[in-house]
Amino acid sequence: MSSDPLAEPAAAAEEAALPHIVPRRRPGQWAAALAVLVLLGLAVVSVVRNQAFQWDVVGDYFTSAAVLRGLWLTLWLTAVVMTLGFALGTLLAAARLSANPVLRGVSWGYVWLFRSVPILVQLLFWFNIGALYPHILGVRTVNLFAPVTVAVVGLTLHEAAYAAEVVRGGILSVDRGQFEAAQALGLSRWLRRRRIVLPQAMRAIVPAAANMLIGTLKGTSIVSVIAVQDLLYSAQLVYHRTYQVIPLLMVATLWYVLVTSVLSVGQHYVEKHYARGAERVR
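Only a predicted model underlies this, so the values are computations on that prediction, with no experimental measurement involved.

Peer 1: Where do I start with the overall build of the protein chain in this structure?
Peer 2: The number of helices and strands found in the protein chain is twelve helices and two strands. Start at the N end of the protein chain and walk to the C end: the helices and strands fall as α-α-α-α-α-α-β-β-α-α-α-α-α-α. Counting only residues that meet the buried cut, the protein chain has 31% of its 282 residues in that class. Here the contacts in the protein chain between residues at least 6 apart in sequence split such that 75% fall between residues at least 24 apart.

Peer 1: Before we go on, may I ask you to explain the layout of surface pockets in this structure?
Peer 2: Take a probe with the size of a water molecule and roll it over the atoms, and the empty space left behind shows itself. In this model, the second largest pocket occupies a volume close to 170 Å³. Around the second largest pocket, the lining residues are Met82, Phe86, Val206, Ala209, Ala210, Leu213, Leu263, Gly266, Gln267 and Val270. By residue class, the composition of the lining of the second largest pocket is eight nonpolar, two polar and no charged.

Peer 1: Looking at this structure, I do not really get the UniProt feature "transmembrane region" (unreviewed entry) in the protein chain. What am I missing?
Peer 2: This chain's UniProt record puts "transmembrane region" (unreviewed entry) on residues 30-50, 70-95, 107-129, 201-226 and 246-266. Helix makes up 73% of residues 201-226 and strand makes up 0%, while its end C-alpha atoms are separated by 37 Å. Secondary structure across residues 246-266 comprises 100% helix and 0% strand; the distance between its end C-alpha atoms is 30 Å.

Peer 1: What exactly am I supposed to notice about the pattern of salt bridges here?
Peer 2: Once the charged atoms of two side chains with opposite charge are near each other, the side chains can pair. This model, assessed by the stated rule, comprises two salt bridges. Note that Arg168 is salt-bridged to Glu165, the shortest N-O span being 3.0 Å. With a gap of three residues between them, Arg168 and Glu165 both fall in helix H8 (residues 147-172), about one helical turn apart. One salt-bridge network, held together by shared partners, links Arg96, Glu165 and Arg168.

Peer 1: How do you make sense of the side chain of Ser224 when you look at a structure like this?
Peer 2: When you line up the elements, Ser224 lands in the loop between helix H10 (189-219) and helix H11 (231-242). What makes Ser224 buried here is its relative accessible area of 12%. In terms of polar contacts, Ser224 uses its side chain to reach the backbone carbonyl oxygen of Ser221, at 2.8 Å. Residues within four places of Ser224 in sequence aside, it is in contact with Asp230, Leu232, Tyr233 and Gln236.

Basis of the calculations
- Residues numbered from 1 in each chain as written.
- Predicted model: local features only at pLDDT ≥ 70, side-chain atom pairs only at ≥ 80, totals over all residues.
- Heavy atoms only, no water.
- Helix = DSSP H or I, 4+ residues; strand = E, 2+ residues; numbered from the N terminus.
- Buried < 20%, exposed > 50% of the residue type's maximum accessible area, 1.4 Å probe, protein only.
- Contact = heavy atoms within 4.5 Å.
- 1 Å grid on protein atoms, 1.4 Å probe; cavity = no way out; pocket = protein on both sides within 12 Å on 5 of 7 lines; lining within 4 Å.
- Points joined across faces, edges and corners; volume = space filled by probe spheres on them.
- Nonpolar A, V, L, I, M, F, W, Y, C, P; charged D, E, K, R; others polar.
- UniProt positions renumbered as here; feature names shortened; annotations may be inferred.
- Salt bridge = Lys/Arg side-chain N within 4 Å of Asp/Glu carboxyl O.
- Polar contact = N/O pair within 3.5 Å; in protein donor to acceptor, adjacent residues only side chain to side chain.

Here it is, written out as structure tokens:
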């Protein structure tokens, strides 16, 4: 307690003399928020109570063997494509940042070409590669390029072009002074990249890479056009037999939403890990 008996009354009088701050009322924002909540509630009720969705059928097929097999292939395809795509994309980014004009030109040309051609066209091209090259290294392309192989090759080459730009942008986001300071400390080129450049570049790479991962997960649905039995194609096989189109599409949609939500949570924690020590303006 204070030793001065007059200190507390003086402080109370000074606080009472301060102007009373009243928060600004925003009736327009509250009315808009209420309207949005009402419309959202009506939309949810409409979807839940709409018998055309056949929610009982959705529940029956949600964990069916055919759908789970398609889901597994979708997850496997996403993991393989992202791994190979970023491996190739990192090499392309390194070539783009090199001092060799030939490597820079080849890397630029690759990125330009594969970002210019729609992924559907690329998949159809690889699916019909046998018309151009019936044999490669003595092996018939019909045997070499099965539908799943076509999907992996086509998606990987496509994603590598975008991954190259993501990695290159992340490296360029690191201040040049960091390179010079690491060089002044006598660190080798490998240590400079691993201990100085990469941790800082990951702050810019991770958000874009996570968006690419989610985009690739959803983009794998395009392989259904070449009869790869991913999640969407498995759902299509079922509704072609049962004619229950809407509920089977909802099954695929719910799985995509569920997996994407899990990946988004993982993205949050990875970003938080690499953002440690960085100042953020909110």
